[in-house]
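This is what each chain is made of:
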Amino acid sequence: MDEVQTIEAAVLSFYRGGSEQQKETHKWLQQVQNSPQAWSFCWELMQLNKSSEIQFFGAITLNSKLRSDWAEVPKEAHHELKQKLLETIVLFGNGPKIVLNRLCISLGLFIVHMLRHPTVIEEVTNMFLHEQLGNLSKVTQIEILMAVLEGIPEEVKNIRTQIPRTVVCEELNRNAEFVMQTVVTYLNEKLSRSAVEPHDMNGLINAAKCTGTWVAHGNVHLNDREGMIQTLLKAIHYCYWKEPKDDGCLMPEENELAETALKSLANIISSYATQNAKYSFTVINYMKLFLDVLVPILDAEYKENNDNENLALMIYALFISTLECFSSAIFAGIVTDSEEVSKVYTRTVDMLIKCTDKPGTYPVDESCSTYAMEFWYMLQEEVLSMDSGEHKKRCLEAIKPVYAHVVKVLVRKSQLPTESSLHKWNDDDLEAFRCYRQDIGDTLLSCHDVLNDLMLDVLSEALDESIMYLSYDPQSIESWTLLEATIHAFCSIAQKIEYTEHQQIVKLLKVLNEIPYEKYSDKLFGMALETVGAYSEWIGDNPKYLPSAITLLVKGLNSTKASQATLGLKDLTSECQKEVIPYALPLLDACRTALQEGHLKNAEMIRLMYTVGNILSVISYENIILYLDAMVSPCFEELQVHVQNNDRTEPTKARVVLRLEMISKLFSSLNIRKPTEGDMDKGLVVGVGPHKLPFPAGGTPAPGAPVQPILLILEKTMGLLKSLCTLWIHDETVIDTLCKALQQALTNLMDDIKPLLTEMCCLVLSILNTNCVVSAADIAGNFILMFYKDQDCRQLMVQLFTAIMDYNFNQMELNVGKLSRIADLIETFYAFNTRISKKIPICYSEVQIDCMKLVDYATKCMMLPETGPMKKSVAFITMFVKESTNHPVMMNVILAQGENIVRSTFLCIGGTALRTQVEIFADIFLALNFRYPAEFIQWMKLLEVPNFPTAYVSATDKEQFMRKIIKERVNKRLVQDHVRKFAALCRNIVEYENK
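My aim in this report is to walk through the structure given alongside it, one point at a time. Bear in mind the structure is a predicted one, so any value in this text is a computation, not a measurement.

Topic: helix α44 (residues 933–940)
The periodicity of an α-helix, 3.6 residues per turn, causes residues three or four places apart in sequence to face the same way.
(1) Moving on: Burial in α44 covers these residues: Phe936, Trp939 and Met940. Across the axial projection of α44, the buried residues extend over an arc of 95°, all falling on one side.
(2) Moving on: In this fold, the buried residues of α44 make contact with α42 (888–912), α43 (922–931) and α45 (955–967).

Overview of the side chain of Thr905
(1) Moving on: Structurally, Thr905 can be placed in helix α42.
(2) Moving on: Note on Thr905: relative accessible area 0%, which makes it buried.
(3) Moving on: Polar contacts involving the side chain of Thr905 include one to the main-chain carbonyl oxygen of Ile901, which spans 2.7 Å.

Looking at the state of the cysteines
(1) Moving on: The tally for this structure, following the rule as stated, stands at zero disulfides.
(2) Moving on: Take Cys725: it sits in no disulfide, and the sulfur closest to it among the cysteines is that of Cys739, at 7.1 Å.
(3) Moving on: Taking the relative accessible area as the measure of exposure, Cys725 reaches 2% and is therefore buried.

Points about helix α27 (residues 584–597)
(1) Moving on: With 14 residues, α27 ought to run about 20 Å at 1.5 Å a step, and its terminal C-alpha atoms sit 20 Å apart, in line with that.
(2) Moving on: Buried within α27 we find Ala584, Leu587, Leu588, Ala590, Cys591, Ala594 and Leu595. Summarising the axial view, the buried residues of α27 lie within an arc of 160°, below the 170-degree limit, and thus occupy one face. Turned more than 90 degrees away from the buried face of α27, the exposed residues are Pro586, Gln596 and Glu597.
(3) Moving on: Buried positions along α27 lie against α25 (546–557), α26 (562–575), α28 (602–616), α29 (621–631) and α31 (650–669).
(4) Moving on: Following α27 by one or two positions, Gly598 adopts a phi angle in the positive range, close to 80°.

Some details on a nonpolar patch on the surface
(1) Moving on: A contiguous nonpolar surface patch, about 370 Å² in accessible area, is contributed by Met468, Tyr469 and Tyr472.
(2) Moving on: Structurally, the position occupied by Met468 is in helix α20 (residues 453–472).

Focus: the nonpolar core
(1) Moving on: Among the nonpolar cores identified, the biggest contains 348 residues, and Phe290, Leu294, Trp376, Leu714, Phe783 and Met797 are the most heavily contacted of them.
(2) Moving on: Top element by residues in this core is helix α13 (residues 280–300). It accounts for twelve residues.
(3) Moving on: Each residue touching Phe783, except ones within four places of it in the same chain, is listed here: Leu746, Leu757, Met760, Cys761, Val764, Tyr788, Met797 and Leu800.
(4) Moving on: Of all hydrophobic cores here, the second largest spans eleven residues; its members include Val11, Leu29, Phe41 and Ile54.

Topic: the packing of aromatic side chains
(1) Moving on: The full count for this structure, using the stated rule, is 29 aromatic pairs.
(2) Moving on: Their ring planes at 55° and their centres at 5.7 Å tell us that Phe331 and Phe375 sit as a pair that is tilted. In this pair, Phe331 is assigned in helix α15 (residues 327–331) and Phe375 in helix α17 (residues 373–384), connecting sequence segments 44 residues apart. For the residue pair Phe331 and Phe375, the accessibility class agrees, reading buried in each case.
(3) Moving on: Pairing Tyr362 with Tyr436 gives two aromatic rings, centres 4.3 Å apart and planes at 20°, and the pair type is stacked. With Tyr362 in the loop between α16 (339–356) and α17 and Tyr436 in helix α19 (residues 427–451), the pair connects residues that are 74 residues apart, well separated along the chain. You'll find Tyr362 and Tyr436 in the same group, each marked buried.
(4) Moving on: Here the aromatic cluster, defined as three or more aromatic residues joined through ring pairs, consists of Phe801, Phe809, Phe829, Tyr830, Phe832, Tyr844, Tyr857, Phe876 and Phe880.
(5) Moving on: Sitting over the ring of Tyr302, Lys354 keeps its end group 4.5 Å from the ring centre.
(6) Moving on: Above the plane of the ring of Tyr857 lies Lys860, whose end atom (NZ or CZ) is 5.8 Å from the centre.

Cut-offs used in this document
Residues numbered from 1 in each chain as written. Predicted model: local features only at pLDDT ≥ 70, side-chain atom pairs only at ≥ 80, totals over all residues. Heavy atoms only, no water. Buried < 20%, exposed > 50% of the residue type's maximum accessible area, 1.4 Å probe, protein only. Helix = DSSP H or I, 4+ residues; strand = E, 2+ residues; numbered from the N terminus. Arc of directions from axis to C-beta. Contact = heavy atoms within 4.5 Å. Polar contact = N/O pair within 3.5 Å; in protein donor to acceptor, adjacent residues only side chain to side chain. Disulfide = S-S within 2.5 Å. Expected span 1.5 Å × (residues − 1). Patch = residues over 30% accessible without salt bridge, like charges linked within 9 Å, V, L, I, M, F, W, Y side chains within 5 Å. Areas by Shrake-Rupley, 256 points an atom, 1.4 Å probe, with all protein chains shown as cover. Salt bridge = Lys/Arg side-chain N within 4 Å of Asp/Glu carboxyl O. Core = buried A, V, L, I, M, F, W, Y, C linked by side-chain atoms within 4.5 Å. Phe/Tyr/Trp six-rings, centres within 6.5 Å; stacked < 30°, edge-to-face > 60°. Lys NZ or Arg CZ within 6 Å of the ring centre and 35° of its normal.

Geometric descriptors of this kind do not, in isolation, establish any biological role.
And the structure:
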């Protein structure tokens, strides 16, 4: 079997074999594609007597070679390659389409490589226009030409070419108007006829795509694009109105042409987005064209379950895109003397109100209304950001009626589906609607920013209407959705409502307590509970409404909506902690009953313990002890049983994790000496992960003060926790949960934890030495940050610090070359060391650890593909460099590792790191340049090495970059900009400048 036959067999095996076989075959085929012989065998695969799979593989192989391996083609072979390509295009001119499309891309790639020849695009274009391509029909040749031209700008972004990028850009700009003129002339010629021939549709679609891909080139002003815009609008108008449609649905080709034209219009507008002020008059003119041509289509499609919903969606998307790019020009029509601008603004608002109020339920009956949400945010943002004055006042008054109407529309659109309609909904629909309701909630916040207290009047009126609607048919069990939607609207704006005793909120709370929930869906009760929780802060300012809120939430504990009830109680007892004291004991009894009855889900039980902690924190010490015994002891008793039974089964593990999480939640909220705001303002703040702790500044309790309840719990149960740790030491989930519970205790106790510090540190040490989970490193880091400077605790802290370093060094040594396997551990480790570098860098001098290894591994970790380890490693190196000049040990490390740090940084910028994340490496340059200016200049000379960091960047570009970076020691934004541009050069990527 010769080579080609072997490849053919492999291709068929890949497309027709099993998944395991496909994986190996794919790997082998990739190697074959990358070989120089691929230039030869790809043509043999593209023969008409071969199967379509083999033909397609030949075509994509040619794509790959043209895109990545052009250097393998000698100059004298260019003409022969072009001829072969054209001959093969003729061969496949009538299909298969999948092969022809790839060949069109290949011709586009060839043209990019030939751009040094100034007439190459014109020559190829004229060859097709004058029907010089074999026996293919004129229609087919035009279709192929448009496909080729359309792909050229896209291929420029990915191709490896020997032509400098600047030359490529110049040639694209120089040829852009020729291409555009060719395309628009063709479109106008075909669309000017009374009817377009069906066989011309593919050519028209490709031509419409072409306008969208080439618009970024040519340095043409937006006002000079009017002819093209009118042509594309003509295409849309033709496709929609050309003839009556029996079923109302556009033909597939017509629909594709219309949608393609809309995409190209959006591309044209967005490519000028940075020049808002420059084209105000032009944009108003274009908006008028859009409104004249497209709104009649939207009006015709303004119905449920319309057949051209996606077309309507794209029309709305074009309007929103235009508004995003040129909002100031259009919003100038809110209050203006220009009748034309005012009309455009008014028509736009009317159109988007109709979009918001599209008939049907999203997303099962319609999918457009979500697009309008962004507009209502943009409009209020535009007006509220105006300078205060008469003009702003007039604009605000002008838009208030609009927003009042929008609020009512949004309430109506946010109604949940009824039980009888749910058969039409699948899981994706329900999730889309959940997100849609969230968007409505966010939009209602924008409405409140405009309407302020008037918003409550609008919602209060809607509440009256929904109650009235409910009373029309008292027997109906599905009339609740409007009331639920109205309550949802109140809930959405709760964060905006100030402490004033608004009568509308008073009425809302009264209604919530009077609804006969048992008659309706439990979703109505769930929303009521969520709303009470949302108004916790307001209730804290108006405590006379607290009893009714507690009554409703306690009722919820024994319902199917216990999740919302526990959330509401958590918020209520946090915001109204002092105010809840008169109701504390009955509320604790209700919580205890709910926990004992066993109907709560795990998450609800855990959350309820936070509420218990909040309440216990404000009652008498005697009662605290009583309720701790009644409510917390069962958790520890169950853990004791599992330890005694040496039970490590999966069901037991689930119970252990649940009980530890419940204890953790209690520890996070139970504190009889919570820090005051003044303490938080004065004290240093340390943090590990999400935990922010006020650094203890002599925070010892007053003599005779009662012992913190958490400390009492830990004193009694430390032995149990040690036994639990020993039993589950190799289970990451259990150990992680235990450490998080201890972290919560530390967060609350602060200095009060000292009596148990030795025992807790020993427990954490045993974990660090066996199974260093992320949370164990977190709590150890907090101990070190808090107590390292305390001489009584120093030796213990040194042990913790050494244990963390040894464990992580050992793990990295075990995983050299595959550090991604321990990405989470690395992220935590370098986050910890960043804090040590910033807060107590003296550690690195006083504790015997290998700082050289620490920095060396950081340079390796910052080249990992995972974002977390990369960012944390960069942050550590930056902080270590900044602090090193004050500590000789650290300084010696940087002097020894400086070149390695800079080399690794260049490799990341050159291609290891994602291009979107390269700006973070500016921090390393700034730190080194500021602290070690003379050495930094020497280290930067690494760029003088040929082909470093990549072969794409020239010596001149590298020299310019060096000068710019060395010059800047403070301006972070400027250095980030230099790094971003240098990364683009290293990756052979063009950064297009705006017109």
